[in-house]
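# Structural description and commentary
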Amino acid sequence: MGIKALPFDEATIRAIMQETPTPFYVYDEKAIRANARALKQAFAWNPGFREYFAVKATPNPYIMKLLKAAGFGADCSSGPELTLAQRVGLRGDEIMFTSNDTPASEYKLARELGAIINLDDVSHIDYLDRHVGLPDLVCFRYNPGKLREGNAIIGHPEEAKYGFTREQLFEGYRKLRDRGVKRFGLHTMVASNELNGDYFVETARMLFELVNAINAEVGITFEFVNLGGGIGIPYRPEQKPVDLQAVGQGIRACYEEMIVKPGLAPLKLALECGRMVTGPYGFLVSTVRHLKHTYKDYVGLDACMADLMRPGMYGAYHHITVLGKENAACDHRYDVTGSLCENNDKFAIDRMLPEVAPGELVVIHDAGAHGHAMGFNYNGKLRPAELLMRADGSIAKIRRKETEADLFATLDFGGLAGFQTS
Ligand SMILES: *Cc1c(COP(=O)(O)O)cnc(C)c1O
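Given the structure is predicted, the values throughout are model-derived calculations rather than measurements.

### Points about the pattern of salt bridges
Applying the stated criterion to the full structure yields 23 salt bridges. Between Glu386 and Arg399 there is a salt bridge; the shortest N-O distance is 2.7 Å. In this pair, Glu386 is assigned in strand β16 (residues 385-389) and Arg399 in strand β17 (residues 395-399), connecting sequence segments 13 residues apart. Assessed through its relative accessible area of 2%, Glu386 is described here as buried.

Pasting the structure below:
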């Protein structure tokens, strides 16, 4: 079984705790940068390749600024996500707006920023035209239906609410062409947390086939195809990361055959990954509060499902390391819980760990994407701080912990006195 290494040790965390008590998130800048370079390298053969970081995975402007410096754009799906992209200085074709069930106000903001607008439905062509006008460049999201299998996180495409059918794509591009749109993109997103690299080569092949068919029938030329996100990460120690270089080369072979040969090059490739960009490089650090022995043995943490929802929500595996006991035998079976009044508030069930004691520190791995971002306030839980371990080893606070004042900011306690109940 593989080992899940940590970029810090117990002494480093204890030092951080002088200023920031647990629970908190910490992200590893050096590893995020190295991984970003590897992703770009895998697609360096394609001039114009761009990764649009899916902002929803880690909507923190400091992380986004790091990724901007690495040459990444942002994939946004709401007004506030567009605002974040704007605040870190992204604009124009550095922003992809892949939304669904979208209000006119958000299309308007996307248009103002010059973002690439990716429509989720054929009816939105008229909607966009009526409310904000059609931009030069428009992209459509394709839903292949029964042609592709999904998985437990993303579901089956034919049951997914997203995207155009194949017939609707032809109808839609014809409409754009007739209304004078000159530049075209094609997008799909059919995978989530997929560890089989071949799946992404298949997705590229599927889009390249469509580019050929639409070009032949509608007479338009595509500027880019966006393969979506969904590259998985090895949450379990025995899993292996996707071989990015192999995926890049697999897609390159299809590109030569299906795009270059028929004269459809150049065609820019885009990805909008979130999870694989930050997921493995973020950690939730928590202190053991209580041990409890009833029908099972429980480790109660000072973090809970409100800090990291994935295990409670979809039974997701997150590896756990007890700091200072990295090499100790995992000979105790525990349920690792938080303090929410919900029994699915468990980070792990029947997990084998070294024997733990109150006051010890645990690290929950692979929490860098869809972690803090999915946090919530149920039971009056306050969302934790986010820290960035800089490349030089220093620690930057990139989000403070929430306070009770933040939690109650939308309430007017002052009105209570005058609120008549009889
Ligand atoms: C969630 C999402 C992504 C990112 O998915 P990851 O699994 O984090 O890579 C990209 N595009 C769209 C449209 C999404 O909804």
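From this point, the discussion proceeds with the structure in view.
### Considering the nonpolar core
Of all hydrophobic cores here, the largest spans 107 residues; its most connected members are Phe43, Tyr173, Leu186, Phe208 and Ile251. In terms of residue count, helix α8 (residues 198-218) provides more of this core than any other element does, 12 residues in total. Taken together, domain 1 (10-25 + 279-407) and domain 2 (29-275) each give at least three residues to this core, which thus spans both. Filtering out sequence-adjacent residues up to four positions away, Tyr173 remains in contact with Phe140, Phe184, Gly185, Leu186, Ile214, Val218, Ile220 and Phe222. Core analysis: the next-biggest nonpolar cluster, separate from the first, contains 13 residues, Ile13, Leu323, Val363 and Leu387 among them.

### Looking at the domain arrangement of the protein chain
Split by domain assignment, the protein chain resolves into domain 1 (10-25 + 279-407) and domain 2 (29-275). A C-alpha centroid distance of 33 Å is found between domain 1 and domain 2. Listed per partner, the contact involves 20 residues of domain 1 and 21 residues of domain 2. Interface area, domain 1 with domain 2, both sides summed: about 2,000 Å², of which 59% is carbon and sulfur. Together, Tyr281, Tyr317 and His370 form the three largest contributors to the area buried by domain 1 at its contact with domain 2, with a combined 31%. Joining domain 1 to domain 2, the criterion identifies 1 salt bridge. With its nearest N and O atoms 2.4 Å apart, the salt bridge here joins Arg390 to Glu29. Applying the counting rule to domain 1 against domain 2 returns 11 residue pairs in polar contact (both at pLDDT 80 or more). At the level of elements, β16 and β17 are the ones that each hand at least two residues to the side of domain 1 that touches domain 2.

### Observations regarding the site of the ligand
The environment of the ligand is formed by 13 residues, the closest being Lys56, Gly230, Glu272, Arg275 and His370. Between the ligand and the protein, one listed contact pairs a nitrogen atom with a side-chain N or O atom of Asp75 at 3.3 Å. Interatomic distance of 2.8 Å between a backbone N/O atom of Gly230 and an oxygen atom of the ligand. Here the ligand loses 89% of its free accessible area of 390 Å² to cover by the protein chains. Split by residue class, the shell around the ligand holds 3 nonpolar, 5 polar and 5 charged.

Quick notes on the rules
- Residues numbered from 1 in each chain as written.
- Predicted model: local features only at pLDDT ≥ 70, side-chain atom pairs only at ≥ 80, totals over all residues.
- Heavy atoms only, no water.
- Salt bridge = Lys/Arg side-chain N within 4 Å of Asp/Glu carboxyl O.
- Helix = DSSP H or I, 4+ residues; strand = E, 2+ residues; numbered from the N terminus.
- Buried < 20%, exposed > 50% of the residue type's maximum accessible area, 1.4 Å probe, protein only.
- Core = buried A, V, L, I, M, F, W, Y, C linked by side-chain atoms within 4.5 Å.
- Domains from an automatic or database assignment.
- Contact = heavy atoms within 4.5 Å.
- Buried area = accessible area lost by both parts, 1.4 Å probe.
- Polar contact = N/O pair within 3.5 Å; in protein donor to acceptor, adjacent residues only side chain to side chain.
- Near = heavy atom within 4 Å.
- Areas by Shrake-Rupley, 256 points an atom, 1.4 Å probe, with all protein chains shown as cover.
- Nonpolar A, V, L, I, M, F, W, Y, C, P; charged D, E, K, R; others polar.

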